[in-house]
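# Report on the structure
Listed below, chain by chain, are the residues.
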Amino acid sequence: MKKDIHPKYHTVKVIMTDGEEYETRSTWGKEGDVIRLEIDPKTHPAWTGVHRLVDSGGQLAKFNKRFNVNFDS
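These notes cover the structure that comes with them. (Residues numbered from 1 in each chain as written. Predicted model: local features only at pLDDT ≥ 70, side-chain atom pairs only at ≥ 80, totals over all residues. Heavy atoms only, no water.)

This paragraph deals with the overall build of the protein chain. Helices and strands together make up the secondary structure of the protein chain, namely 2 helices and 3 strands. Tracing the protein chain from N to C terminus, the helices and strands come up as β-β-β-α-α. Within the protein chain, buried positions represent 11% of all 73 residues. Summarising the internal contacts of the protein chain: among those between residues at least 6 apart in sequence, 7% fall at separations of at least 24. (Helix = DSSP H or I, 4+ residues; strand = E, 2+ residues; numbered from the N terminus. Buried < 20%, exposed > 50% of the residue type's maximum accessible area, 1.4 Å probe, protein only. Contact = heavy atoms within 4.5 Å.)

Moving on to the pairing of strand β1 (residues 10–15). Here β1 runs beside strand β2 (residues 21–26); their pairing, made up of 6 bridges, is antiparallel. Looking across to β2, one finds that I15 is bridged to E21. Connecting β1 to the next strand, β2, in antiparallel fashion are 5 residues, including G19 with a positive phi near 95 degrees. The pairing of β1 with strand β3 (residues 34–36) spans 3 bridges and is classified as parallel. Note that in β3 the partner of V14 across the bridge is I35. (Pairing = 2+ DSSP bridges.)

Turning next to unusual backbone geometry. Positive phi, close to 60 degrees, is recorded for D4, a residue that is not glycine. Following the sequence through the fold, D4 ends up in the segment before β1. Taking relative accessible area as the criterion, D4 reaches 78% and is therefore assigned exposed.

Attention now goes to the pattern of salt bridges. Evaluation of the coordinates by the stated rule reveals 2 salt bridges. When the shortest N-O distance is used, the salt bridge between D33 and K30 registers 3.9 Å. We classify K30 as exposed; its relative accessible area is 57%. (Salt bridge = Lys/Arg side-chain N within 4 Å of Asp/Glu carboxyl O.)

Moving on to the environment of H6. With respect to the element layout, H6 can be found in the segment before β1. Under the relative-accessibility criterion, H6 is labelled partly exposed at 44%. Each C-alpha atom of the pair H6 and T27 lies 9.3 Å from the other, and the pair is 21 residues apart in sequence.

Time to look at the side chain of D40. When you line up the elements, D40 lands in the loop between β3 and α1 (45–48). In this structure D40 comes out as buried when scored by relative accessible area, which is 2%. At 2.8 Å, the side chain of D40 forms a polar contact with the backbone nitrogen of T17. Not counting residues within four places of it along the chain, the set of residues in contact with D40 comprises M16 and T17. (Polar contact = N/O pair within 3.5 Å; in protein donor to acceptor, adjacent residues only side chain to side chain.)

Put into structure tokens, the structure is as follows:
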């Protein structure tokens, strides 16, 4: 391998949506940084089988207003 071209691999703390914490190794951030997840395997529809609509930047609300759609029922 070539020297000094690969990112540093270090320990970071991951905090799940329910507050559970664990340490893992990553190239993200720097040693000791914390990653707070907004969506994880405990809340993501791909793993839970429960479909939720997440409004990112108001796009869902804009769509609902434009087409008079209500997904909450």
